[in-house]
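# Structure assessment
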Amino acid sequence: MVNIILFGPPGSGKGTQSANLIKKYGLIHLSTGDLLRSEIEAQTPLGLEAKKFMDAGQLVPDEVVIGMISSKLDANPDTRGFIFDGFPRTTAQAEALDKLLTLKKTSISAVLSLEVPEDELIKRLLNRGLTSGRSDDANEDVVKARIVEYHNKTAPVADHYAKYGKFRKIKGSGTIDEIFGLLSKEIDDLVVERV
Ligand code: AMP
């Protein structure tokens, strides 16, 4: 299996690039943000609880997102692999993911980190807020709170995977096609290594 974590702060392009990568490589897209928004849409108890955190720009508790990912892994036993988008966002989530994948006799192949300057992130998110219907994109205070959460809780996840030599930085500013080309090159190298 090829299991990729698309890493990077909010607004770095993880969702856009994941959508293209799953088509090219036949992988399954697992976005915890999308899964949580579906729960909110369906007004489930989990969704209503998560919404409070999301509206404040804070991370949802680890056990909630780990449980969601665990059931999605179980639901797709025969896939060629996964693209994890927006997960793991804490070291505890990364450790839990490693354990879940070990149980399935697989592991993370690489963590590809989209590097984008902070002023560009804020511009991109506020711009997306004009059309996405996402209230957490439309409010500058919430956007900034999400970036603070990223620095405090998510950035350390990079060290977790760097320890195993799995962490790669990718220039995340440029056109969507240019960035897709850089990501594809990394994934092609992994696929070749596995043949
Ligand atoms: P995203 O769509 O990835 O930008 O996520 C939107 C919001 O969902 C985040 O600001 C968090 O509140 C929540 N969220 C998404 N993924 C996670 C995660 N892995 N851990 C905790 N909270 C998450």
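Look up a bit, the structure's there.
Residues numbered from 1 in each chain as written. Predicted model: local features only at pLDDT ≥ 70, side-chain atom pairs only at ≥ 80, totals over all residues. Heavy atoms only, no water.

Turning to the nonpolar core, a few remarks are in order. Ranked by internal contacts, the top residues of the largest apolar core, which has 27 residues, are I5, L73, F84, L97, I108 and Y161. Breaking this core down by element, the ones donating at least two residues are β1 (4–7), α2 (32–41), α3 (45–55), α4 (62–75), β3 (82–85), α5 (91–103) and α9 (156–162). Those residues in contact with Y161, other than ones at most four positions away along the chain, are I5, P88, A94, L97, D98, I108, V111, K166 and F167. Ranked by size, the runner-up nonpolar core spans 16 residues in total, among them A110, I179, F180 and L190. (Core = buried A, V, L, I, M, F, W, Y, C linked by side-chain atoms within 4.5 Å. Buried < 20%, exposed > 50% of the residue type's maximum accessible area, 1.4 Å probe, protein only. Helix = DSSP H or I, 4+ residues; strand = E, 2+ residues; numbered from the N terminus. Contact = heavy atoms within 4.5 Å.)

It is worth spelling out the layout of surface pockets at this point. The space that makes up the largest pocket amounts to roughly 810 Å³. P10, K14, R89, R134 and R146 are, among the 45 residues lining the largest pocket, the residues nearest its centre. Contributions of two or more residues to the lining of the largest pocket are made by β1, α1 (14–25), β2 (28–31), α2, α6 (118–132), α8 (140–154) and α10 (176–194). Sort the elements by how many residues they give to the lining of the largest pocket and α2 lands first, with five residues. Here the lining of the largest pocket is built from residues that sort into 16 nonpolar, 18 polar and eleven charged. (1 Å grid on protein atoms, 1.4 Å probe; cavity = no way out; pocket = protein on both sides within 12 Å on 5 of 7 lines; lining within 4 Å. Points joined across faces, edges and corners; volume = space filled by probe spheres on them. Nonpolar A, V, L, I, M, F, W, Y, C, P; charged D, E, K, R; others polar.)

Right, let's talk about the site of the ligand for a bit. T32, R37, Q58, G86 and Q93 are the nearest of the 16 residues found near the ligand. Here an oxygen atom of the ligand and a side-chain polar atom of R37 are 2.9 Å apart. Contact distances for the ligand include 3.0 Å between a nitrogen atom and a side-chain N or O atom of Q93. Contact with the protein chains hides 96% of the accessible area of the ligand, taken as 480 Å² for the molecule alone. Placement of the ligand is best described as lying within the largest pocket. Sorting elements by how many residues they give to the shell around the ligand places α2 first, with four residues. Of the residues assigned to the shell around the ligand, the class counts are six nonpolar, five polar and five charged. (Near = heavy atom within 4 Å. Polar contact = N/O pair within 3.5 Å; in protein donor to acceptor, adjacent residues only side chain to side chain. Areas by Shrake-Rupley, 256 points an atom, 1.4 Å probe, with all protein chains shown as cover. Sits in = over half its atoms within 2 Å of the grid points.)

Moving on, we get to α1. Its twelve residues give α1 an end-to-end C-alpha distance of 16 Å, which sits within 8% of 16 Å, the value for a rise of 1.5 Å per residue. Of the positions making up α1, those classed as buried are K14, Q17, S18, L21 and Y25. Around the axis of α1, the buried residues are gathered within 105° of arc, so they sit on the same side. (Expected span 1.5 Å × (residues − 1). Arc of directions from axis to C-beta.)

So, on to the sheet that holds β1. If you trace the five strands from one edge of the open sheet to the other, you get β2-β3-β1-β4-β5, paired in parallel fashion. Looking at strand neighbours, the two that pair on one side only are β2 and β5 (167–171), the edges of this open sheet. Pairwise comparison of adjacent strand axes, ignoring direction, gives a mean angle of 25° for this sheet. Relative to β3, α1 is tilted by about 170°, and along the sheet it contacts β1, β2, β3 and β4 (110–115). (Pairing = 2+ DSSP bridges. Axes fitted to C-alpha atoms, helices over the stretch in contact; angles between N-to-C directions.)

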